[in-house]
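Residue-level structural notes
Residues per chain are reported as follows:
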Amino acid sequence: MHSAVFLIEFGAIILGLGLLGRLAGRFSFSPIPLYLLAGLAFGKGGLLPLGASEEFVAIGAEIGVILLLLMLGLEYTASDLVSNLKTQYPAGLVDFAFNALPGAAAALLMGWGPVAAVVLAGVTWISSSGVIAKVLGDLGRLGNRETPVILSILVLEDLAMAVYLPIITALLAGVGLAAGSATLAIALGVAGAVLFVAVRYGRLISRFVSSDDPEKLLLVVLGLTLLVAGVAQQLQVSAAVGAFLVGIALSGEVAEGAHTLLSPLRDLFAAVFFVFFGLHTDPASIPPVLLPAFALAVVTALTKIATGHWAARRAGIGVKGRWRAGGTLVARGEFSIVIAGLAVTAGVQPQLGPFATAYVLILVVIGPLTARYTEPVATYLTRRRAAVPLGKGGDTVPGAAGALSGAEAVAGPGAVAGPEAVPGPEALPGPEAVAVRVPEPGPESASDRV
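Everything numeric here is computed off the predicted structure, so don't read it as measured data.

1. Re helix 9 (residues 214-234)
End to end, helix 9 covers 30 Å across 21 residues, agreeing with the expected 30 Å (1.5 Å per residue, within 8%). Listed in full, the buried residues belonging to helix 9 are Leu-217, Val-221, Thr-225, Ala-229 and Ala-232. Burial along helix 9 is one-sided: seen end-on, the buried residues are contained in an arc of 80 degrees. Within helix 9, the exposed residues directed more than 90 degrees away from the buried face are Glu-215, Leu-219, Leu-227 and Gln-234. Measuring from the backbone nitrogen of Glu-215 back to the side-chain oxygen at the start of helix 9 gives 3.0 Å, which picks out Asp-213 as the cap.

2. So, helix 11 (residues 252-279)
For helix 11, built from 28 residues, the straight-helix expectation of 40 Å at 1.5 Å per residue is met to within 8% by its first-to-last C-alpha distance of 39 Å. At Leu-262, helix 11 shows its maximal kink, close to 45 degrees; a proline, Pro-264, follows between one and four residues later.

3. Observations regarding the side chain of Thr-357
Looking at where Thr-357 falls in the secondary structure, it is placed in helix 15 (residues 352-387). In contact with Thr-357, not counting residues within four places along its chain, are Leu-40, Phe-277, Thr-281 and Ile-286.

4. A word on the confidence of the model for the protein
Averaged over every residue, the pLDDT of the protein is 77; residues scoring 70 or more account for 78%. In the predicted structure, residues 392-450 sits below a pLDDT of 50 and forms 90 contacts with residues beyond four places in sequence or in another chain.

5. Focus: the packing of helix 13 (residues 319-328) against helix 15
Following both chains from N to C, one finds helix 13 and helix 15 inclined at 155 degrees, their axes separated by 7 Å at the closest point. Relative to helix 15, the element helix 13 is oriented roughly antiparallel. For the pair helix 13 and helix 15, the crossing hand works out as right-handed. Taken together, the residues of helix 15 that come into contact with helix 13 (itself represented by Lys-320, Trp-323, Arg-324, Gly-327 and Thr-328) are Gly-367, Thr-370, Ala-371, Thr-374, Glu-375, Ala-378 and Thr-379.

6. Some details on the side chain of Thr-225
We classify Thr-225 as buried; its relative accessible area is 0%. Only 2.7 Å separates the side chain of Thr-225 from the backbone oxygen of Val-221, close enough to count as a polar contact. Ignoring any residue separated from it by four or fewer positions in sequence, one finds Thr-225 in contact with Ile-66, Leu-70, Ala-243 and Val-246.

7. Brief notes about the pattern of salt bridges
Where charged atoms from two side chains of opposite charge come close, those side chains can pair. Summed over all chains, the structure comprises five salt bridges. The shortest N-O distance in the salt bridge between Glu-146 and Arg-324 comes to 2.9 Å. Here Glu-146, found in the loop between helix 6 (129-138) and helix 7 (147-173), pairs with Arg-324, found in helix 13; they are 178 residues apart in sequence, far enough to count as distant. Given a relative accessible area of 3%, Arg-324 falls into the buried group. Its salt-bridge partner being Asp-213, residue Lys-216 comes within 2.9 Å of it at the nearest N-O pair.

8. Points about the packing of aromatic side chains
Within this structure, the stated rule accounts for three aromatic pairs. Seen in terms of ring centroids, Trp-112 and Phe-355 are 5.4 Å apart; in terms of plane orientation they differ by 85 degrees. Their pairing is edge-to-face. With Trp-112 in the loop between helix 4 (78-109) and helix 5 (114-125) and Phe-355 in helix 15, the pair connects residues that are 243 residues apart, well separated along the chain. Both residues of the pair, Trp-112 and Phe-355, belong to the buried class. Note on Trp-125 and Tyr-164: the rings are 6.1 Å apart at their centroids and 90 degrees apart in plane angle, and the pair reads as edge-to-face. One end of the pair, Trp-125, is in helix 5; the other, Tyr-164, is in helix 7, and 39 residues separate them in sequence. In this structure Trp-125 comes out as buried when scored by relative accessible area, which is 10%.

9. Here we look at the nonpolar core
Membership of the largest hydrophobic core comes to 96 residues, with the highest contact counts inside it found for Leu-36, Leu-69, Leu-70, Leu-120, Val-221 and Phe-274. If one sorts the elements of this core by residue count, helix 11 sits on top with 14 residues. Setting aside residues no more than four positions away along its own chain, Leu-69 makes contact with Ala-240, Ala-243, Phe-244 and Phe-335. Counting twelve residues, the second largest nonpolar core, distinct from the first, contains Ala-91, Leu-154, Ala-311 and Ile-317.

10. Points about the packing of helix 7 against helix 10 (residues 239-249)
Look at helix 7 against helix 10: their axes get within 9 Å of each other, and the N-to-C directions meet at 150 degrees. When the axis of helix 7 is compared with that of helix 10, the two are roughly antiparallel. As for how helix 7 packs across helix 10, the hand of that crossing is left-handed. Of the residues in helix 10, those touching helix 7 at Asp-158, Leu-159, Met-161, Ala-162, Leu-165 and Pro-166 are Ala-240, Val-241 and Phe-244.

Thresholds applied
- Residues numbered from 1 in each chain as written.
- Predicted model: local features only at pLDDT ≥ 70, side-chain atom pairs only at ≥ 80, totals over all residues.
- Heavy atoms only, no water.
- Helix = DSSP H or I, 4+ residues; strand = E, 2+ residues; numbered from the N terminus.
- Expected span 1.5 Å × (residues − 1).
- Buried < 20%, exposed > 50% of the residue type's maximum accessible area, 1.4 Å probe, protein only.
- Arc of directions from axis to C-beta.
- Polar contact = N/O pair within 3.5 Å; in protein donor to acceptor, adjacent residues only side chain to side chain.
- Bend = angle between axes of the 7 residues up to and from the residue.
- Contact = heavy atoms within 4.5 Å.
- pLDDT = per-residue confidence, 0-100.
- Axes fitted to C-alpha atoms, helices over the stretch in contact; angles between N-to-C directions.
- Parallel < 35°, antiparallel > 145°, perpendicular 65-115°, else oblique.
- Left-handed = near helix turned anticlockwise from the far one by under 90°.
- Salt bridge = Lys/Arg side-chain N within 4 Å of Asp/Glu carboxyl O.
- Phe/Tyr/Trp six-rings, centres within 6.5 Å; stacked < 30°, edge-to-face > 60°.
- Core = buried A, V, L, I, M, F, W, Y, C linked by side-chain atoms within 4.5 Å.

Quick look at the structure:
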């Protein structure tokens, strides 16, 4: 009888998730908020609490986290990570400063303590690779010049997870400074060793794992990942980091084949993970934290836009591409929930789970909107500001020396982007006038697309 109830409950969960995913796909937005809401509905305090299948859902959720990190590692090679670390680390530092610090400050202001501050810093820092990748594809921006900048920031965040997760694990376990330092040293040593082996011997590893039979390839890759994740967790490093490093070590045709085979499993267990997180969040605990979560979401949306704008400007991307890069990075999702889930399991701060749920729900909905509309809104405001008289008698800005030039030029015919730009060659009468001539772009500026 117990097994029959389990099959009914778990079957209903999977069917419901499938229908929610189809609904999200029809309206072209991420299904993550719907999965979280489903967890809230079936958890304690929800509409229909589950009983028999909760333990299995917990195991499925842990596998979901492992598969999320494995698939993320399969996206990159060790040489990609090393190259991004060398060339894009300033953008990574700016990303950390702009987005992790507001989360830490918010936790301290709410009196949650230093451990919760470190956790919330990670929640606000890491963008959602899954949501952002889907948005880039839906908007047809995979070929844009700013897209490599966006991907570089995501890669650096993913690489930072290999250091951040062991720190969180040690803090949540309540170990002392010496034990925590040892855990971090082990994690860094293992990560460095895996990167070195992957760069030098990646082909040999991939050849060992490789198989023409999809069934054997699936079993070997999945078994190796779970084994390494378990060993890593036993060493207090983090199962997710172990899975991420396995993904990095595989490359070439093996990585492509494993990605194809494991994608459906990743989607299934990741959905179960989001439901599991919602199951452990009481819906009644969300309204009290909704207002501060919304305020933090607005602040960190603006800081992500600033991060993307700065990184794209550093890479020489045009003005429109800078705004698109910033708006695309706003979405938070799976990894913010993973980090908050670790804290919820450890019982650090009762309000942290509901707060993280509300925060992610807000930004996973706002993220696709900022990706689509940040650049048009910024262009509109820039045009209006450039057209507003700033001097006496309706004079505009005195001088065009502050106008943007080259790739930073124009947002539309006859208008130069930037608050100090002149609206046309009539701005300075007399010999001091500087006529700024910029060729009119088409629907998509050549400086912003490949």
